Amino acid sequence: MKPASGWFDALPKDRLLAEFSLWSADLARVADDVARVDAHVDIYHVDVADGHFSPALLYFPDLLAAVRKLTKKPLHVHLMVDDRILLAQIEQFAEAGADLISIHAENDNVGAGLDLIHSLDLPAGVVLQLGTPVEAAEDLLPRISLLTLLGTRIGVKGQGLDPEAPGRIAAARRLVATSGFSVRVAADGGIREHTVPQLRASGAETIVMGSLAFGAPDLAARIGWVHAQPYSG
Ligand SMILES: O=C(CO)[C@@H](O)[C@H](O)COP(=O)(O)O
């Protein structure tokens, strides 16, 4: 069973949450960017990619440990890594200060990974790539706190939202509602001014913001706008 995830359960449920993707921070000045945006962040999103499971190479445990010293806000680690290193990476990122770890449903070791995350007393999430049926998450719902759906190809930023993404978010919300488990649904990738209302209307409860957050001309106004997005489902 999943451990109690106090901080995650305590986040507001009546508004869209802003996850700030540190991949889109100024990577030469991460500390400056964290100081600049911290007051507006609900959760930091930390992409970890190994160049195999995902084409990118991103973040590593010592870097997360350095970020951990910069903020008290929650750190959500999204592991896009091969099965050969998945379990070791979970342990290392937990040790480095992750508050929530998400792994991919496409990993063969997803069950063992969720067990390990729970044994480290952390809430767990599962992420689905675009081509993976939403129903692949059904049996995992009792064991997770967050279900994230990629809206773009894995490991490439700056892409537009896939047209199937809003429908997949809606399907994920229906799956969670039918299950009766307490799992939030997140949208990751393709988060733009014109896609946020669509994703929220489809049921997204958190969005992973890259350039839309770090490049905002008025960050307070933009996050206020995100928090105020209506959901009528
Ligand atoms: O994982 C991703 C994109 O797939 C995000 O974490 C990136 O940070 C998004 O950056 P933008 O494309 O929104 O600028």
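These numbers were taken from a predicted model, which means no experiment stands behind them.

**Some points on the nonpolar core**
Ranked by internal contacts, the top residues of the largest apolar core, which has 75 residues, are Phe20, Leu79, Ile101 and Leu147. Beyond its immediate sequence surroundings of up to four residues, Phe20 is in contact with Val37, His40, Val41, Ile43, Tyr44, His45, Met209, Ala213, Phe214, Leu219 and Ile223.

**As for the pairing of strand E1 (residues 17-21)**
Of all five residues in E1, five are buried, a share of seventy percent or more. Of the two faces of E1, the one holding Leu17, Glu19 and Ser21 and the one holding Ala18 and Phe20 are both buried throughout. Relative to strand E9 (residues 206-209), E1 runs parallel, the two being bridged by four bridges. The residue of E9 that forms the bridge with Leu17 is Thr206. Both E1 and strand E2 (residues 43-50) contribute to a ladder of three bridges, which runs parallel. Across the sheet, residue Glu19 finds its bridge partner in E2, namely Ile43.

**Description of the site of the ligand**
Close to the ligand lie 13 residues; Ser21, Ser24, Asp47, Gly158 and Ser211 are nearest. Here Ser211 contributes a side-chain N or O atom positioned 2.6 Å from an oxygen atom of the ligand. Considering only residue class, the shell around the ligand consists of three nonpolar, six polar and four charged.

**A closer look at unusual backbone geometry**
The phi dihedral of Tyr59 is positive, around 40°, even though this residue is not glycine. Tracing the sequence through the fold places Tyr59 in the loop between strand E3 (57-58) and helix H3 (61-68). Using a relative accessible area of 10% as the deciding quantity, one classes Tyr59 as buried. One non-glycine residue with positive phi stands out, namely Asp121, at about 65°. Tracing the sequence through the fold places Asp121 in the loop between helix H5 (110-119) and strand E6 (124-128). For Asp121, a relative accessible area of 57% translates into the label exposed.

**Here we look at the packing of H3 against helix H4 (residues 83-96)**
When two helices pack together, their arrangement is given by the angle between the helix axes and the distance between those axes. It is the contact of H3 with H4, at a shortest axis distance of 8 Å, that shows an interaxial angle of 20°. By the angle between their directions, the pair H3 and H4 is classed as roughly parallel. Handedness of the crossing formed by H3 with H4: right-handed. Residues Pro61, Leu64, Ala65 and Arg68 of H3 form the contact with H4, whose participating residues are Gln92, Phe93 and Ala96. In the contact of H3 with H4, the residues fall into five nonpolar, one polar and one charged.

**Digging into the packing of aromatic side chains**
For the structure shown, the criterion picks out two aromatic pairs. Considering the side-chain rings of Trp7 and Phe8, the 5.4 Å spacing of their centres and the 85° angle between planes classify their relative orientation as edge-to-face. By relative accessible area, which is 26% here, Trp7 ends up partly exposed. A relative accessible area of 1% means that Phe8 is categorised as buried. Residues Phe20 and Phe214 carry aromatic rings whose centres are separated by 5.7 Å and whose planes lie at 80° to one another, so their mutual orientation is edge-to-face. Of this pair, Phe20 sits in strand E1 while Phe214 is found in helix H8 (residues 211-214), placing the two residues 194 residues apart along the sequence. Residue Phe20 is classed as buried on the basis of its relative accessible area, which comes to 0%. Over the aromatic face of Phe8 sits the side chain of Arg184, whose NZ or CZ is 5.0 Å from the ring centroid.

Definitions and limits used
- Residues numbered from 1 in each chain as written.
- Predicted model: local features only at pLDDT ≥ 70, side-chain atom pairs only at ≥ 80, totals over all residues.
- Heavy atoms only, no water.
- Core = buried A, V, L, I, M, F, W, Y, C linked by side-chain atoms within 4.5 Å.
- Buried < 20%, exposed > 50% of the residue type's maximum accessible area, 1.4 Å probe, protein only.
- Contact = heavy atoms within 4.5 Å.
- Helix = DSSP H or I, 4+ residues; strand = E, 2+ residues; numbered from the N terminus.
- Pairing = 2+ DSSP bridges.
- Near = heavy atom within 4 Å.
- Polar contact = N/O pair within 3.5 Å; in protein donor to acceptor, adjacent residues only side chain to side chain.
- Nonpolar A, V, L, I, M, F, W, Y, C, P; charged D, E, K, R; others polar.
- Axes fitted to C-alpha atoms, helices over the stretch in contact; angles between N-to-C directions.
- Parallel < 35°, antiparallel > 145°, perpendicular 65-115°, else oblique.
- Left-handed = near helix turned anticlockwise from the far one by under 90°.
- Phe/Tyr/Trp six-rings, centres within 6.5 Å; stacked < 30°, edge-to-face > 60°.
- Lys NZ or Arg CZ within 6 Å of the ring centre and 35° of its normal.

Function cannot be inferred from these measures alone, as they are strictly geometric.
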